[in-house]
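Residues per chain, in single letters:
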Amino acid sequence: MNLYHIYRNEQHTLLYHGIMYFLMGVGMLLVVETLFYFPLLLFIPALTNLYLSQSIKKEIRKATRLYYENIPVSSHSLIGVKTKEGFFYLKTNGWSSYSLQRTSLINNPKHFVFHRKDKMPLTLCKWSRRIVIAHEETKLEYKLKYHSTTAIEWRSEENGDTILLYKGNKRWVLNYKGVNRLSLQKGFLPQSFQKLFDSHHSHITFFEAYSEADDWLLIFLWLVDSDYFLTS
């Protein structure tokens, strides 16, 4: 899926919600005239969603250029984009290779699906201090052992494997089994793409030790991205 499609889907979702709330408010005004102030509350989310649907046009204009232009793909980086549709990892030409979407409104645990291009999706359940990933034919369970503003450590109770995320020079580095695999930073993009993306996107860099078999580690980068609001 291209960045253009992602933003277009988000715009349609916001527009649908705005119209739905607006019609509900009008219908309740006609039915309960004496309690007119209560239906008026529905116009607040209606107008908010309609405004957001209109304001996203700027992003669609940028994404349209990615859709029609032939932009070379960077082989060592991805761009993280957070939308209401889900969280997407994009190549620098705007095409999505990975996406993470919530599948249940239950909060304890939260259920997600990690979609991977040309691979089977991974399901995961997230508690406040524990995450379980259905990885191929096995289940990977990691518990949060340490958390601060500069370092986060997840450890497997089964085999003792450690995923360490630590804050380096303006970036978060993901270290798995004692080797740096990925890094994440806010709003840093190659100059040629800066005009196409806004600063609220995050930038993921692959180290030499990274391989395609490690793509499930992007889930832990998403945890840092969401906890520290890099893409908000």
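Here, the structure is the one placed above.
Right, let's walk through the structure included here. Given the structure is predicted, the values throughout are model-derived calculations rather than measurements.

### With respect to the pairing of strand S5 (residues 122–126)
Burial of S5 is one-sided: the residues Leu122, Leu124 and Lys126 facing one way are buried, the residues Thr123 and Cys125 facing the other way are not. Judged from the five bridges that link them, strand S4 (residues 110–116) and S5 form a sheet pairing that is antiparallel. Bridge pairing in S5 links His111 to Cys125. What sits between S4 and S5 in their antiparallel hairpin is a turn of five residues, with Asp118 showing a positive phi close to 65°. Where S5 folds back on strand S6 (residues 130–135), the antiparallel hairpin that results is connected by three residues.

### Thoughts on the side chain of Ser53
Here Ser53 shows up in helix H3 (residues 43–55). Overall, the relative accessible area of 6% leaves Ser53 in the buried class. Not counting the four nearest positions on each side in its chain, Ser53 is found in contact with Gln11, Leu14 and Leu15.

### Section: the nonpolar core
Generally speaking, nonpolar side chains in soluble globular proteins are found buried as a group. Counting 36 residues, the largest nonpolar core has Tyr89, Trp154, Ile163, Leu165, Trp216 and Phe220 as its most contacted members. Ranked by the residues each element gives to this core, the list is headed by helix H6 (residues 218–227), at seven residues. Not counting residues up to four positions away in its chain, the partners in contact with Trp154 are Arg129, Arg130, Ile131, Tyr142, Lys143, Leu144, Asp161, Thr162, Ile163, Leu165, Phe220 and Leu223. In this structure, Tyr4, Ile6, Ile79 and Leu90 belong to the second largest nonpolar core, which totals 14 residues.

### Observations concerning the environment of Pro45
Structurally, Pro45 is set in helix H3. The class of Pro45 is partly exposed, set by a relative accessible area of 24%. Once the C-alpha coordinates of Pro45 and Asn159 are considered, the two residues, 114 residues apart in sequence, prove to be 48 Å apart.

### Notes on helix H1 (residues 3–31)
In a regular helix each residue adds 1.5 Å, so 29 residues correspond to 42 Å; H1 covers 42 Å between its end C-alpha atoms and thus fits that length. Listed as buried for H1 are Leu3, Tyr4, Ile6, Tyr7, Glu10, Gln11, Leu14, Gly18 and Gly25. By the N-cap criterion, in which a side-chain oxygen at the helix start approaches the backbone nitrogen of a residue two or three places on, H1 is capped by Asn2, the distance to Tyr4 being 2.8 Å.

Definitions and cut-offs
Residues numbered from 1 in each chain as written. Predicted model: local features only at pLDDT ≥ 70, side-chain atom pairs only at ≥ 80, totals over all residues. Heavy atoms only, no water. Buried < 20%, exposed > 50% of the residue type's maximum accessible area, 1.4 Å probe, protein only. Helix = DSSP H or I, 4+ residues; strand = E, 2+ residues; numbered from the N terminus. Pairing = 2+ DSSP bridges. Contact = heavy atoms within 4.5 Å. Core = buried A, V, L, I, M, F, W, Y, C linked by side-chain atoms within 4.5 Å. Expected span 1.5 Å × (residues − 1). Polar contact = N/O pair within 3.5 Å; in protein donor to acceptor, adjacent residues only side chain to side chain.

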